[in-house]
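Structure at a glance
The residues making up each chain are set out below.
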Amino acid sequence: MRRSTIYLITTACGLLLMAGLPLHADYARICDRAGHETRRGLVKELRLTDLCLVTEARYTRHPAMADLHAPLQEHPLALEHFPSGALITPPPRLLRPHDTSR
């Protein structure tokens, strides 16, 4: 078999798999409706409030609880230790200028 034929067969199989991914996702969503309702009831019963977006650092786990200096725990010139710190910004209330007239 020629190498170009192997390449075309491999590419065609990959495209078929990629085309099937949305179908599989839709099927999995339909099959998991009962589990979703169970988890919704558990969240309501346990009164869970925050969504944990990432698990790396405390200031990226709960952006609503972050402060401006949390990433700079070592010193102000320290580099960011975790990649998610570059993706998740502090809450908007911390980014507003402070009122110094008080």
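Residue indices begin from 1 for each chain and proceed along its sequence in written order. The predicted nature of this model means local features are confined to residues of pLDDT at least 70 and side-chain atom pairs, given and counted, to a pLDDT of 80 or more, with totals for whole chains, interfaces and linings taken over all residues. The side-chain quantities take in all heavy atoms of the structure and omit both hydrogens and water.

**Some remarks on the overall build of the chain**
Along the chain, the regular secondary structure elements total 4 helices and 0 strands. What counts as a helix is a DSSP run of H or I of at least four residues, what counts as a strand is a run of E of at least two, and both are numbered from the N terminus. Along the chain, from the amino end to the carboxyl end, the secondary structure elements read α-α-α-α. A contact between two residues is defined here by any heavy atoms of the two lying within 4.5 Å. Sequence separation of at least 24 residues holds for 49% of the intrachain contacts in the chain that already meet a minimum separation of 6.

**A closer look at the pattern of salt bridges**
Side chains carrying opposite charge are able to pair once their charged atoms draw close together. Any carboxyl oxygen of Asp or Glu within 4 Å of a side-chain nitrogen of Lys or Arg constitutes a salt bridge here. One pass over the structure, following the stated rule, counts 2 salt bridges. A salt bridge links aspartate 26 to arginine 29; its shortest N-O distance comes to 2.4 Å. Of this pair, aspartate 26 and arginine 29 both sit in helix α1 (residues 3-31), 3 residues apart, which is roughly one turn of the helix. In this structure, the salt-bridge partner of aspartate 32 is arginine 39, at a minimum N-O distance of 2.8 Å. When its relative accessible area of 33% is taken as the criterion, aspartate 32 is described as partly exposed. Working definition: with a 1.4 Å probe on protein chains only, accessible area under 20% of the residue-type maximum means buried, over 50% means exposed, and in between means partly exposed.

**Observations concerning helix α2 (residues 33-46)**
One fewer than the residue count of a helix, multiplied by 1.5 Å, yields its expected span. An ideal rise of 1.5 Å per residue puts 20 Å on 14 residues; α2 measures up with 20 Å between its terminal C-alpha atoms. Taking burial as the measure, the 14 residues of α2 include 0 buried ones, a minor fraction of the element. Once α2 ends, the next one or two residues include arginine 47, with phi positive near 55°.

**Thoughts on α1**
Note: α-helices contain 3.6 residues per turn, so residues at a spacing of three or four share the same orientation. For α1, with 29 residues, the first-to-last C-alpha span of 41 Å sits near the 42 Å given by 1.5 Å per residue. Its maximal kink placed at leucine 21, α1 deviates by approximately 30°, while the proline proline 22 follows within four residues. The reported bend at a residue is simply the angle between two axes, fitted to the 7 residues ending at it and to the 7 residues beginning with it.

**So, the confidence of the model for the chain**
On a scale of 0 to 100, pLDDT captures the predictor's confidence in every residue. Averaged over every residue, the pLDDT of the chain is 77; residues scoring 70 or more account for 54%. Model confidence for the chain, summarised as mean pLDDT per element, is weakest for helix α3 (residues 58-61) at 60 and strongest for α1 at 95.

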